[in-house]
Amino acid sequence: MQTGESLTALAEIVDTAALQVKATDQLSLNHSFTEKDAYEIQRISIDRRFERGEKLIGLKLGFTSYAKMEQMGVHDMIWGRLTDTMLFENGSTVDLSRFIHPRIEPEICFRISKTADREISRDEVLEYIDAIAPAMEIIDSRYQNFKFSLEDVIADNCSSAGLVVGEWQTPPEVLEDLKMTMSFDDEVVESGSSDDILGDPYLSVVNAIRLGLKYNEPLKAGHILMAGAATPAVFMKPETLVRTTVQNLGTVEVKS
Ligand code: OOG
Ligand code: MG
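Residues numbered from 1 in each chain as written. Chains lettered and ligands numbered in written order. Predicted model: local features only at pLDDT ≥ 70, side-chain atom pairs only at ≥ 80, totals over all residues. Heavy atoms only, no water.

### Things to note about the sheet that holds strand S7 (residues 179–184)
Now for step 1: Spatial ordering of the open sheet is given by S8-S7-S11-S12, a layout of four strands whose pairing is antiparallel. In this open sheet, the two edge strands, each paired with only one partner strand, are strand S8 (187–193) and strand S12 (250–255). Ignoring which end each strand starts from, the neighbouring axes of this sheet average 15 degrees apart.
Now for step 2: Two elements, S7 and S8, share six bridges in a ladder whose sense is antiparallel. The residue of S8 that forms the bridge with Met 180 is Gly 192. (Pairing = 2+ DSSP bridges. Helix = DSSP H or I, 4+ residues; strand = E, 2+ residues; numbered from the N terminus. Axes fitted to C-alpha atoms, helices over the stretch in contact; angles between N-to-C directions.)

### What about the pairing of strand S4 (residues 103–112)?
Now for step 1: Burial analysis of S4 places nine of its 10 residues in the buried class, the great majority of the element.
Now for step 2: When S4 meets strand S5 (residues 129–139), the two strands line up antiparallel, connected through 10 bridges. Each residue of the ladder has a partner; that of Glu 107, found in S5, is Ala 135.
Now for step 3: Sheet analysis places S4 next to strand S9 (residues 224–226), joined by three bridges and oriented antiparallel. For Phe 110, the partnering residue across the bridge sits in S9 and is Leu 225. (Buried < 20%, exposed > 50% of the residue type's maximum accessible area, 1.4 Å probe, protein only.)

### Considerations on the site of ligand 1
Now for step 1: Within the structure, ligand 1 sits among 17 residues, and Lys 60, Phe 63, Lys 68, Ser 159 and Ala 229 are positioned closest to it.
Now for step 2: The contact in question runs from an oxygen atom of ligand 1 to an N or O atom on the side chain of Lys 60, over 2.8 Å.
Now for step 3: Here an oxygen atom of ligand 1 and a side-chain polar atom of Glu 105 are 2.9 Å apart.
Now for step 4: Expressed as a share of its isolated accessible area of 320 Å², the protein-covered part of ligand 1 is 100%.
Now for step 5: Here the shell around ligand 1 takes three residues from strand S1 (residues 56–62), the largest share from any one element.
Now for step 6: In terms of residue class, the shell around ligand 1 is built from nine nonpolar, three polar and five charged. (Near = heavy atom within 4 Å. Polar contact = N/O pair within 3.5 Å; in protein donor to acceptor, adjacent residues only side chain to side chain. Areas by Shrake-Rupley, 256 points an atom, 1.4 Å probe, with all protein chains shown as cover. Nonpolar A, V, L, I, M, F, W, Y, C, P; charged D, E, K, R; others polar.)

### Digging into the nonpolar core
Now for step 1: Residues Ile 41, Phe 110 and Leu 225 are the most contacted members of the largest nonpolar core, which totals 53 residues.
Now for step 2: Broken down by element, the residue count for this core peaks at six residues, all from helix H6 (residues 202–214).
Now for step 3: When neighbours within four sequence positions are excluded, Phe 110 is seen to be in contact with Ile 129, Ala 131, Ile 132, Trp 168, Leu 175, Pro 201, Tyr 202, Val 205, His 223, Ile 224, Leu 225 and Ala 227.
Now for step 4: Residues Phe 88, Met 136, Val 164 and Met 236 belong to the second largest nonpolar core, which totals 15 residues. (Core = buried A, V, L, I, M, F, W, Y, C linked by side-chain atoms within 4.5 Å. Contact = heavy atoms within 4.5 Å.)

Structure (structure tokens):
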């Protein structure tokens, strides 16, 4: 267990790496810290962003699909915070120089309509969301070579760097096996199914509410939730149109 002071020092390392767009050594190479410490490092580093004027817009889950767990060699669900400066408009152009080594992945996003003050079950999810949209997340590990332990990636706010959300839709009762494809300039680079996200992406809402309550960062009405990627992430390339299509939900795009 690390002292409060050293957790602050570790938070400064990941925050500075993000600010300076410069990869840093994995914290776990030189420090030993627990998963609980890692969430505290994340909290302190994101507080530094809030002090610079960024606003919390919601939460994200990570490693909710086997494809992602296999790709990164990490096997536990994680959660992180999303801020307003990470949000790109659908169809907009992102400046890759803002990132160290950005990857992009196809996701589903939910809009939370009611703050939960207790854990909820799968059957209650539709009472807590009022919209769903196809989405993509840009992840940009602050660590060299995009390599990390579970604790490292949690401390680094789960690699969160950007997100783009498509048009909001009314949430259907069930999201059974919706095909998801991500393309670079019309060439499909990854494809999967909504079932790849926890077997049912609505379970992301259940889990994010549970984790938010546990770590004192509750999902609130008006927040958004990124459910986690359905497929492995792909390195972004300059001058490329990236598009994700989710069956029945539509498309979402960004240009680089
Ligand atoms: C960690 C973030 C994982 C997801 O959707 O599974 C994640 C990473 O892969 O760098 O965002
Ligand atoms: Mg993600």
